[in-house]
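Listed below, chain by chain, are the residues.
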Amino acid sequence: GVAAVTVAAGARRVARRATQDELKKQVGYKAVDDYVKSGTVIGLGTGSTAAFAVERVGQLLKSGELKDIIAIPTSIRTKEQAESLGIPLATLDTHSDLDVAIDGADEVDPNLNLVKGGGGALFREKIVEMCAKKFIVIVDESKMCGGLGPGFPIPVEIVPFCHEHTMREIAKLPALAGCKPVLRLGDVANNKPDGDKPAVTDNSNYIVDLVFETPIKDAVAAGEQLKNTVGVVDHGLFTGMTTACIIAGSDGISVKE
Ligand code: ABF
């Protein structure tokens, strides 16, 4: 009857979720196994996929397979996870040359340009990942897209002072024509409106999500124009940064460089 059908649908949903988590775990573990060597300085990303990479670093340190790692976290959440696993931490102030950084993404285009910041951590991710010799992106195949914009709003971190003015200035930028800026409310790590107060980042700023109906034509120009806007701290377009992208799909794992 109806109850049986509902239970079956629920079980299928659980199974699908488990599968996507399993994919995230595969790429998180593979990135660490393939790219993290003993005696190096590494950047630890933020989000549910990056959390598996952090978990793996903790495991390998505990088993002794990895030694003398120093890690730079990209958010308070990641810092807390790493601390709980006994991973030695530092900051860019003392360690600004990273051998490798590993992080997730919200969207990846065919040139490995990224949208990041759905998790609200884009500023710390960018400042850390810019310092890494290798930047390894880990995603499940649902993040791959033909062009950035319509699949996932582009997050921009802005200073709270006169944020409505800054949002209007952003909407006027030629490379972002047609975007609708939406102030993120509620939990900073959740880019669905889920509260009535502005979401606040680890840096005490706000996030504006830029909603697009069509792909942005020039992600580099869009990033430059955002960066040149007074009031913008940084934005979630990560262009020309990716060394390799490890993608988990139903047919297995692939690597794009
Ligand atoms: C970080 O976490 C962010 O840049 C991105 O917004 C998010 C992806 O999270 P998840 O891996 O949970 O999808 O990488």
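In the block above lies the structure referred to throughout.
My aim in this report is to walk through the structure given alongside it, one point at a time. (Residues numbered from 1 in each chain as written. Predicted model: local features only at pLDDT ≥ 70, side-chain atom pairs only at ≥ 80, totals over all residues. Heavy atoms only, no water.)

1. Regarding the overall build of the protein
Of the regular secondary structure elements, the protein holds six helices and 13 strands. Over its C-alpha atoms the protein spans a radius of gyration of 19 Å, differing by no more than 12% from the 18 Å that the globule rule assigns to 257 residues. Per-residue burial over the protein gives 47% buried out of 257 residues. For the protein, contacts bridging at least 24 residues in sequence account for 74% of all contacts bridging at least 6. Distance between charge centroids for the protein: 3 Å, based on 28 positive and 34 negative side chains. (Helix = DSSP H or I, 4+ residues; strand = E, 2+ residues; numbered from the N terminus. Rg over C-alpha atoms; globule rule 2.2 N^0.38 Å. Buried < 20%, exposed > 50% of the residue type's maximum accessible area, 1.4 Å probe, protein only. Contact = heavy atoms within 4.5 Å. Lys, Arg positive; Asp, Glu negative; His and termini not counted. Charge placed at Lys NZ, Arg CZ, Asp CG, Glu CD.)

2. Some details on the site of the ligand
With respect to spatial proximity, 14 residues lie near the ligand, and among them Thr46, Ser48, Thr49, Asp106 and Glu125 are the closest. At a separation of 2.7 Å, an oxygen atom of the ligand approaches a polar backbone atom of Thr46. Its free accessible area being 360 Å², the ligand has 90% of it covered by the protein chains. Of the residues that constitute the shell around the ligand, the class distribution is one nonpolar, eight polar and five charged. (Near = heavy atom within 4 Å. Polar contact = N/O pair within 3.5 Å; in protein donor to acceptor, adjacent residues only side chain to side chain. Areas by Shrake-Rupley, 256 points an atom, 1.4 Å probe, with all protein chains shown as cover. Nonpolar A, V, L, I, M, F, W, Y, C, P; charged D, E, K, R; others polar.)

3. A closer look at helix 2 (residues 50-63)
Taking 1.5 Å as the rise per residue, helix 2 with 14 residues should run 20 Å; its terminal C-alpha atoms sit 20 Å apart, in good agreement. Listing the buried residues of helix 2 in full gives Ala50, Phe52, Ala53, Val54, Arg56, Val57, Gly58, Leu60 and Leu61. Looking one or two residues past helix 2, Gly64 carries a phi angle of roughly 90°, positive in sign. (Expected span 1.5 Å × (residues − 1).)

4. Observations concerning the pattern of salt bridges
Under the counting rule described, the total for this entry stands at ten salt bridges. We note a salt bridge from Asp34 to Lys30, for which the minimum N-O separation is 2.7 Å. With Asp34 and Lys30 both in helix 1 (residues 2-35), this residue pair falls four residues apart, about one helical turn. Assessed through its relative accessible area of 35%, Asp34 is described here as partly exposed. Close ionic contact of Arg184 with Asp209 constitutes a salt bridge, the shortest N to O distance being 2.7 Å. With Arg184 in the loop between strand 8 (180-183) and strand 9 (206-211) and Asp209 in strand 9, this residue pair connects regions lying 25 residues apart in the sequence. Accessibility expressed as a relative area gives 5% for Asp209, which makes it buried. (Salt bridge = Lys/Arg side-chain N within 4 Å of Asp/Glu carboxyl O.)

5. Structural notes on the packing of helix 2 against helix 3 (residues 76-84)
Where helix 2 contacts helix 3, the two axes come as close as 9 Å, and the packing angle between them is 25°. On the basis of their axis angle, the class for helix 2 and helix 3 is roughly parallel. The hand of the helix 2/helix 3 crossing is right-handed. Here helix 2 contributes Ala51, Val54 and Glu55 to the contact with helix 3, which in turn contributes Thr78, Gln81 and Ala82. (Axes fitted to C-alpha atoms, helices over the stretch in contact; angles between N-to-C directions. Parallel < 35°, antiparallel > 145°, perpendicular 65-115°, else oblique. Left-handed = near helix turned anticlockwise from the far one by under 90°.)

6. Comments concerning the nonpolar core
Judged by nonpolar contacts, the single largest core of 25 residues is most densely connected at Val36, Ile42, Val57, Ile102 and Ile136. Mapped by element, the contributors of at least two residues to this core are helix 1, strand 1 (41-44), helix 2, strand 3 (98-103), strand 6 (132-140) and strand 12 (244-249). Ignoring anything within four residues of it in the chain, the contact list for Val57 reads Val32, Ile42, Leu44, Leu66 and Ile87. (Core = buried A, V, L, I, M, F, W, Y, C linked by side-chain atoms within 4.5 Å.)

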